[in-house]
Amino acid sequence: MSIRDTEAPDRPLTVDDLARMPDDGRRYELVDGRLDVSPAPVFDHTSVDSRLTIHLGDVAPDEFTVLTGPGINFNAERTHHRIPDLAVIRADAAERPYLTKPPLLAVEILSPESVLRDSNTKRAEYAAFGIESYWIVNPHPDKVGISEMRLENGQYRDITQVYGEDVFETELPFPVRIVPHWLVADGPWKKHIGG
């Protein structure tokens, strides 16, 4: 972190403080005014991120926008700030510089150090914030898969888990088909990713 203990303000951090963080590839988020830092993603993570963004962007109707790594302020004080790997919003709901309303979909791609955060902490935070649909993608080549959760009565309900060469299908936020295997596999992924 670039804010050393001697330099850290005697108050909760806000998104304004994130501007002082180094541009080192790590992800700097805020949880109740405290930094939550993730390491720079590795190849499989960025491959899944890129392929999923391209595929969702190709199949999304015009009234939707697919975003990679959008910052989202979860509270008016701007002390709770998360950056999902991907998100989908209605095109007319774009906000700058950060989103302040729940996207229709948030996607997190697991890494060894993010399993607990993505599967538990962010799951609870995204549900409390009102994000209607949440996907967790496991990019491990031996078990590449997608888990879909949907908001019901303020909590996520597990909808489906699809692995390997089976086809993941959903209607939210728009109809889409994805073969998880092609999120990481070498070869003609664009031809096969939609099943």
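All values reported here derive from a predicted model rather than from experimental measurement.

Rules and cut-offs
Residues numbered from 1 in each chain as written. Predicted model: local features only at pLDDT ≥ 70, side-chain atom pairs only at ≥ 80, totals over all residues. Heavy atoms only, no water. Helix = DSSP H or I, 4+ residues; strand = E, 2+ residues; numbered from the N terminus. Contact = heavy atoms within 4.5 Å. Salt bridge = Lys/Arg side-chain N within 4 Å of Asp/Glu carboxyl O. Buried < 20%, exposed > 50% of the residue type's maximum accessible area, 1.4 Å probe, protein only. Phe/Tyr/Trp six-rings, centres within 6.5 Å; stacked < 30°, edge-to-face > 60°. Polar contact = N/O pair within 3.5 Å; in protein donor to acceptor, adjacent residues only side chain to side chain. pLDDT = per-residue confidence, 0-100.

**Quick word on the side chain of Glu125**
Tracing the backbone shows Glu125 in helix α3 (residues 115–129). When residues no more than four places from it in sequence are discounted, the contact partners of Glu125 are Val31, Phe74, His80 and Arg82.

**Let's talk about the pattern of salt bridges**
Side chains that differ in sign of charge can pair as their charged atoms come close. A full pass over the atoms with the stated rule returns 16 salt bridges. Residue Asp36 is joined to Arg117 by a salt bridge in which the shortest nitrogen-to-oxygen separation is 3.1 Å. With Asp36 in strand β2 (residues 34–38) and Arg117 in helix α3, the pair connects residues that are 81 residues apart, well separated along the chain. Summarising the burial analysis for this pair, Asp36 and Arg117 share the class buried. Here the residues in one salt-bridge network are Glu29, Asp36, Arg82, Glu108, Arg117, Lys122 and Glu125, joined through shared partners.

**Some remarks on the packing of aromatic side chains**
Taken as a whole and judged by the stated rule, the model has 6 aromatic pairs. Aromatic pair Phe74 and Tyr126: ring centres 6.0 Å apart, planes at 35°, arrangement tilted. Note that Phe74 is positioned in the loop between β4 (72–73) and β5 (81–82) and Tyr126 in helix α3, a separation of 52 residues in sequence. Centroid distance Tyr134 to Tyr156: 5.7 Å. Interplanar angle 35°. Geometry classified as tilted. With Tyr134 in strand β8 (residues 133–138) and Tyr156 in strand β10 (residues 155–163), the pair connects residues that are 22 residues apart, well separated along the chain. Residue Tyr134 is classed as buried on the basis of its relative accessible area, which comes to 0%. Among the residues examined, Tyr156 registers a relative accessible area of 9% and is labelled buried. Cluster of aromatic residues (ring-pair linked, three or more members): Phe74, Tyr126, Phe129, Tyr134 and Tyr156.

**Quick notes on the environment of Asp158**
In this structure, Asp158 sits in strand β10. Counting along the chain gives 37 residues from Asp158 to Gly195, while the straight-line C-alpha distance between them is 22 Å. Every residue in contact with Asp158, bar those within four places of it in the chain, is listed here: Arg123, Glu148 and Met149. A polar contact is formed between the side chain of Asp158 and the side chain of Arg123, at a distance of 3.0 Å.

**Considering unusual backbone geometry**
Of the consecutive residues Arg96 and Pro97, the connecting peptide bond is found in the cis state with omega at 0°. For Pro97, the position within the fold is in the loop between β6 (86–90) and β7 (105–109). Backbone torsion omega between Leu172 and Pro173 reads 0°, so that peptide bond is classified as cis. Here Pro173 shows up in the loop between β11 (168–170) and β12 (176–178). Of note, Arg78 is a non-glycine position whose phi angle comes to about 60°, a positive value. Secondary-structure assignment places Arg78 in the loop between β4 and β5. Note on Arg78: relative accessible area 29%, which makes it partly exposed.

**With respect to the confidence of the model for the protein chain**
In this model, the protein chain carries a mean pLDDT of 94, and residues with pLDDT of at least 70 account for 95%. Here residues 1–6 is a poorly scored stretch, pLDDT under 50, and it has 13 contacts once near neighbours within four places are set aside; other chains count.

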